[in-house]
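Fold and contact review
Listed below, chain by chain, are the residues.
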Amino acid sequence: MSAVDDAVELLSQAGIAGVDAIYGNNLPQEAIDSTDKTVVLVTDSANDPSSFGNNDFWALNQEVEIQIWYSQELDSDPEDIEVSMMKAFTHQHWRVAAVRQRALDPETAQLCNTFYFSRTKILKETF
């Protein structure tokens, strides 16, 4: 599976309280238009070959970008969602690569934040 698919599955299985919807690669129009739900978008950030040897590579350094748009009606602390998300990734052997600061989306007036998580995926097959 791709890093995006794995990250979406990881977040879906984590069942983080306060997260209403999780999408990979793009948002459907109804998610874009919604300001009353906390929506998460997972996209690729990097997919670089690594662990070189014998004229080949044996691993991929993968990174995903996670964007969160918080519901305007959020009744919990965004930090609780963010910490739960970071712990979910860390417990599945991903690293927290970067955390941006919360900002206000000028178009929707929603609080939003961006995270980057990375992992090294060992390739089991040769191509």
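A short tour of the structure in this document, coming up. (Residues numbered from 1 in each chain as written. Predicted model: local features only at pLDDT ≥ 70, side-chain atom pairs only at ≥ 80, totals over all residues. Heavy atoms only, no water.)

Brief notes about the packing of aromatic side chains
Put simply, the test is: Aromatic pairing here means that ring centres of Phe, Tyr or Trp (its six-membered ring) are within 6.5 Å. Orientation follows from the plane angle: under 30 degrees is stacked, over 60 is edge-to-face, and everything else is tilted. Burial status follows relative accessibility: with a 1.4 Å probe on protein chains alone, a residue under 20% of its type maximum counts as buried, one over 50% as exposed, and anything between as partly exposed. Helix and strand definitions follow DSSP, with helices as H or I runs of at least four residues and strands as E runs of at least two, each counted in order from the N terminus.
Counting across every chain of the model gives 4 aromatic pairs. Where Phe 89 meets Trp 94, the ring centres are 5.3 Å apart and the plane angle is 85°; that geometry is what we call edge-to-face. Here Phe 89 matches Trp 94 in class, with each residue buried. Centre to centre, the rings of Phe 89 and Phe 117 are 4.0 Å apart; their planes meet at 10°, and the pair counts as stacked. Taken together, the positions of Phe 89 in helix 3 (residues 78-91) and Phe 117 in strand 6 (residues 111-122) put the pair 28 residues apart, joining distant regions of the chain. With respect to burial, Phe 89 and Phe 117 carry one shared label: buried. Among the aromatic side chains, those forming a connected cluster through ring pairs are Phe 89, Trp 94, Phe 115 and Phe 117.

A short note on unusual backbone geometry
Even without being glycine, Ser 51 reaches a positive phi, approximately 55°. By secondary structure assignment, the location of Ser 51 is in strand 2 (residues 39-53). Relative accessible area serves as the criterion here: at 41%, Ser 51 is assigned to the partly exposed category. Residue His 93 is not a glycine yet carries a positive backbone phi of 70°. One can find His 93 in the loop between helix 3 and strand 4 (95-99). A relative accessible area of 66% means that His 93 is categorised as exposed.

Focus on the layout of surface pockets
Heads up, the rule is: Whether a set of points on the 1 Å grid over the protein atoms alone is a cavity depends on a 1.4 Å probe fitting there but being unable to get out, while an open set qualifies as a pocket with protein on both sides within 12 Å along at least five of seven lines; lining residues are those with an atom within 4 Å of a point. Grid points are joined across faces, edges and corners, and a volume is the space filled by probe spheres set on the points. Throughout, the ten residues Ala, Val, Leu, Ile, Met, Phe, Trp, Tyr, Cys and Pro are labelled nonpolar, Asp, Glu, Lys and Arg are labelled charged, and all others, Gly among them, are labelled polar.
Each pocket or cavity is described by its volume, and for the largest pocket that value is around 160 Å³. If you go around the largest pocket, the residues you meet are Met 1, Asp 6, Glu 9, Leu 10, Gln 13, Gln 92, His 93, Trp 94 and Arg 119. For the lining of the largest pocket, the element with the most residues is helix 1 (residues 3-14), which contributes 4 residues. For the lining of the largest pocket, a count of residues per class yields 3 nonpolar, 3 polar and 3 charged.

Structural notes on the pattern of salt bridges
Put simply, the rule reads: Salt bridge criterion: a side-chain nitrogen from Lys or Arg within 4 Å of a carboxyl oxygen from Asp or Glu.
Under the criterion given, the structure shown has 2 salt bridges. Here Arg 119 makes a salt bridge to Asp 6, at a shortest N to O gap of 2.7 Å. You can see Arg 119 sitting in strand 6 and its partner Asp 6 sitting in helix 1, a full 113 residues away along the chain. With respect to class, Arg 119 is no different from Asp 6; both count as buried. Of the charged contacts in the structure, one is a salt bridge between Arg 102 and Glu 82, with a shortest N-O distance of 2.9 Å. Of this pair, Arg 102 sits in the loop between strand 4 and strand 5 (103-104) while Glu 82 sits in helix 3, placing them 20 residues apart in sequence. According to the relative accessible area criterion, Glu 82 is buried, its value standing at 6%.

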